[in-house]
Amino acid sequence: MHNPLRIAVAGLGTVGSSVVRIIQNEKLSLFDKAGSDLVVSAVSARDKNRDRGVDLANIDWHDDAKNLIQDNIDILVEVIGGADGVAYDIVKAALGKGISVVTANKALLAVHGSELAQLAEQNNAHLKYEAAVAGAIPAIKAVREGLAANQITSIYGILNGTCNYILTQMRETGGSFNEILKEAQDKGYAEADPSFDIDGVDTAHKTALLAAAAFNMAPDFNHIPTRGIRHVTSTDICYAEDLGYKIKLLGVVRKTDLGIEQSVEPCLVDLNTPLAAIDGSLNAVYTESPFAHETLMVGRGAGGDPTASAVVADIIDIARGVHISPFGVPSEKWNDTPMADMDERMVASYIRLIVEDSPGVLADISGILRDENISIQSALQLSEITKGIVPLILITHTVKTKALKGALAKIEKLRSVKEQPFTMRIIEQE
Ligand SMILES: NC(=O)c1ccc[n+]([C@@H]2O[C@H](COP(=O)([O-])OP(=O)(O)OC[C@H]3O[C@@H](n4cnc5c(N)ncnc54)[C@H](OP(=O)(O)O)[C@@H]3O)[C@@H](O)[C@H]2O)c1
């Protein structure tokens, strides 16, 4: 590597300006760790006149980020965002020229990771993305490098701080989803358009990357069944708690007899397990593997400095000459274990039904469940919410997803059932 190592930063928003600041302010200690002087030599953003709280004197400014890709840079840091458009164009151009890339952009890699990793490989460039998953937590490094001796069996991730904050606040204040979301937006914890976060897309991007790094395979974002937290109610939070659980939006990756299972959905986790203790905007990644057994990493999943911390760590790795394939093994060795058919998955579930409070309703529902061989572990019929309408909470034993879906489709058609049934998976950890 050159000394100094010339870094171009594309995007000077929350993450990009923190990256520049850390590289400038920590110059001496970074030099000792990297073995090279790290220098931001060029930057790009849209508005040249905006104050970004960093010293941009002596740094080349480019209005067009494509002009960053020149022979005189060693590393491109891409922190613009978006799966396509300029981020994709410049990352592809850089890798094509053999320039190493560090990115925090989970959308880009979840969608184009396979193509970009192969391009990096062909051009002997690094493609690093620690900041894209769980911010400051070195989760990619942990599953890909620290646990490399193991064939990891499962990963459970709380990967979206906004969702974890909302679920925590709903539980602590009794507020509704909409009230807490509004409050989170007012405080700047949630985006004006929160759909990527609350509908689970952001978690699915990160889950695809964690799975790829841990299971040495191409990211497969498009096949991750994804549900967010929009339909979780305060009733669910209360009754989950009464039953001994907390609700968490989890990205789950597991190796099962059916293949590799990936999913994003609100789940019930036992109050006595480590993930249940991860509250507020914190992120966490929990792994199970044959030799290391259980590991748990907790930390800040977002914010300028926590995310930039991971970006700069990737830059240091490149400076040190640590060259690791983006998904742990060269592309010709990518794991081709099929994805599990999620309809065949065996899970225990929480079911919320909104039903008429009249004789025979429970018998009708039980009959349908019995016909599909679904056994119920417990049932709670709750006090009325409006005249004659009550929530009915059912907890199933472990059953095949297809059978549960079939039963719920029939239950939904009953005249006494007033809303679409809502289900959440119950995580059964050892
Ligand atoms: N924020 C976090 O906590 C966090 C955490 C983990 C990962 N990430 C990821 O990090 C990336 C950056 O996020 P961010 O929060 O820093 O975003 P941000 O604050 O919106 O910053 C985006 C930056 O990109 C610049 N930009 C937009 N379009 C551009 C273009 N066509 N050419 C050049 N520059 C352009 C913007 O310029 P102007 O400033 O001039 O508008 C802005 O400086 C995203 O992929 C995000 O998913 C963010």
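This text follows the structure it describes.
Conventions adopted
- Note that residues are indexed from 1 along each chain, following the sequence as it is written.
- Selection of residues for local features in this predicted model requires a pLDDT of at least 70, selection of side-chain atom pairs for listing and counting requires 80 or more, and totals for whole chains, interfaces and linings are taken over all residues.
- Derived side-chain values reflect all non-hydrogen atoms in the structure, with water molecules and hydrogen atoms excluded from consideration.
- To obtain an axis, a line is fitted to C-alpha atoms, over the contacting stretch when the element is a helix, and the angle between two such axes runs from 0 to 180 degrees between their N-to-C directions.
- The numbering of helices and of strands both runs from the N terminus, where a helix is a DSSP run of H or I of at least 4 residues and a strand a run of E of at least 2.
- Orientation labels follow simple angle bins: below 35 degrees gives roughly parallel, above 145 gives roughly antiparallel, 65 to 115 gives roughly perpendicular, and whatever is left gives oblique.
- Put simply, a crossing is left-handed when the front helix is turned counterclockwise from the back one by less than a right angle, and right-handed when it is turned clockwise.
- For this analysis, residues touch if any pair of their heavy atoms sits within 4.5 Å.
- Just so you know the grouping, Ala, Val, Leu, Ile, Met, Phe, Trp, Tyr, Cys and Pro go in nonpolar, Asp, Glu, Lys and Arg go in charged, and all remaining residues, Gly too, go in polar.
- Categorising residues by exposure relies on relative accessible area from a 1.4 Å probe, with only protein chains included: less than 20% of the type maximum marks a residue as buried, more than 50% marks it as exposed, and the intermediate range marks it as partly exposed.
- Paired strands, as defined in this entry, are two strands with at least two bridges between them according to DSSP.
- Near residues are defined by distance, with any heavy atom within 4 Å of the molecule or strand qualifying the residue.
- Counting of polar contacts relies on pairs of N or O atoms within 3.5 Å, with two restrictions inside protein: one atom must be capable of donating a hydrogen and the other of accepting it, and residues adjacent in sequence are counted only when both atoms are side-chain atoms.
- Only the protein chains shown count as covering a residue, and every accessible area follows the Shrake-Rupley method with a 1.4 Å probe.
- Using only the protein atoms, space was sampled on a 1 Å grid; points where a 1.4 Å probe fits but cannot get out form cavities, open sets with protein on both sides within 12 Å along at least five of seven lines form pockets, and lining residues are those with an atom within 4 Å of a point.
- Grid points are joined across faces, edges and corners, and a volume is the space filled by probe spheres set on the points.
- Any Lys or Arg side-chain nitrogen found within 4 Å of a carboxyl oxygen on Asp or Glu counts as a salt bridge.
- To estimate how far a helix should reach, multiply one less than its number of residues by 1.5 Å.
- Any Phe, Tyr or Trp ring, taking Trp's six-membered ring, that has another such ring centre within 6.5 Å forms a pair; planes under 30 degrees apart are called stacked, those over 60 apart edge-to-face, and the others tilted.

We now examine the packing of helix 5 (residues 139-146) against helix 9 (residues 201-215). It is at 7 Å that the axes of helix 5 and helix 9 come closest, and there the two elements cross at 20°. Taken together, the axis directions place helix 5 and helix 9 in an arrangement best described as roughly parallel. When the axes of helix 5 and helix 9 are compared, the crossing they make is right-handed. Of helix 9, the residues touching helix 5 (which contributes Ala 139, Ile 140, Val 143 and Arg 144) are Leu 209, Leu 210, Ala 213 and Ala 214. Taken together, the residues of the contact of helix 5 with helix 9 break down into seven nonpolar, no polar and one charged.

Before going further, it helps to spend a moment on the pairing of strand 14 (residues 389-396). Taking burial as the measure, the eight residues of strand 14 include eight buried ones, the bulk of the element. Of the two faces of strand 14, the one carrying Ile 389, Pro 391, Ile 393 and Ile 395 and the one carrying Val 390, Leu 392, Leu 394 and Thr 396 are both buried. Taken together, the seven bridges between strand 12 (residues 346-356) and strand 14 define a ladder with antiparallel strand orientation. Looking at strand 14, one finds that Ile 354 is bridged to Pro 391. In terms of strand pairing, strand 13 (residues 376-381) meets strand 14 through five bridges, oriented antiparallel. The residue bridging Ile 376 from the neighbouring strand is Thr 396, located in strand 14.

The next subject is the site of the ligand. Looking at the ligand, there are 22 residues lining it, with Val 15, Asp 47, Arg 50, Arg 52 and Gly 303 nearest. Here Arg 46 contributes a backbone N or O atom positioned 2.9 Å from an oxygen atom of the ligand. Relative to its unbound accessible surface of 900 Å², the ligand loses 78% to contact with the protein.

Before going further, it helps to spend a moment on empty space enclosed by the protein. Empty space left among the atoms is revealed by rolling a probe the size of a water molecule over them. Taken as a whole, this structure holds one cavity of 30 Å³ or more when the rule is applied. Forming the walls of the largest cavity are Leu 167, Thr 168, Arg 171, Ile 237, Glu 241, Tyr 245, Lys 246, Ile 247, Lys 248 and Asp 279. Contributing elements (two or more residues each) for the lining of the largest cavity: helix 6 (161-173), helix 10 (234-242) and strand 8 (245-256). The dominant element in the lining of the largest cavity, judged by the number of residues it contributes, is strand 8, at four residues.

Take Lys 106: it is sitting in helix 4 (residues 106-122). Linking Lys 106 and Val 133, residues 27 residues apart in sequence, is a C-alpha distance of 7.0 Å. In this structure Lys 106 touches Ala 132, Asp 202, His 205, Lys 206 and Leu 209, once residues within four positions along its chain are discounted.

A word on the pattern of salt bridges. Applying the stated criterion to the full structure yields 28 salt bridges. One salt bridge connects Asp 317 with Lys 128, and the closest N-O pair in it is separated by 3.7 Å. With Asp 317 in helix 11 (residues 304-320) and Lys 128 in strand 6 (residues 127-128), this pair connects stretches of sequence that are 189 residues apart. You can call Asp 317 buried: its relative accessible area is 4%. Notably, a salt bridge pairs Glu 241 with Arg 171, separated by 2.6 Å at the nearest N-O pair. On the criterion of sequence distance, the pair formed by Glu 241 in helix 10 and Arg 171 in helix 6 is long-range, its members being 70 residues apart. The partly exposed category is assigned to Glu 241, whose relative accessible area is 29%. For Arg 171, a relative accessible area of 30% corresponds to the partly exposed category. Three or more residues joined by partner-sharing salt bridges are found here, namely Arg 227, Arg 254, Glu 261, Glu 265, Arg 345 and Arg 425.

Let us now look at helix 1 (residues 14-25). Its twelve residues place the ends of helix 1 17 Å apart at the C-alpha level, agreeing with the 16 Å of an ideal helix rising 1.5 Å per residue. Within the span of helix 1, buried status applies to Val 15, Gly 16, Ser 17, Ser 18, Val 19, Val 20, Ile 22 and Ile 23.

We now examine the packing of aromatic side chains. According to the stated counting rule, one finds four aromatic pairs in the structure shown. Both rings, one in Tyr 156 and one in Tyr 286, keep their centres 6.3 Å apart while their planes meet at 45°; by these two values the pair is tilted. Residue Tyr 156 is located in strand 7 (residues 154-158), and its partner Tyr 286 is located in strand 10 (residues 282-289); the two are separated by 130 residues in the primary sequence. Across this residue pair, the class does not change: Tyr 156 and Tyr 286 are buried. Cluster of aromatic residues (ring-pair linked, three or more members): Tyr 129, Phe 327 and Trp 334.

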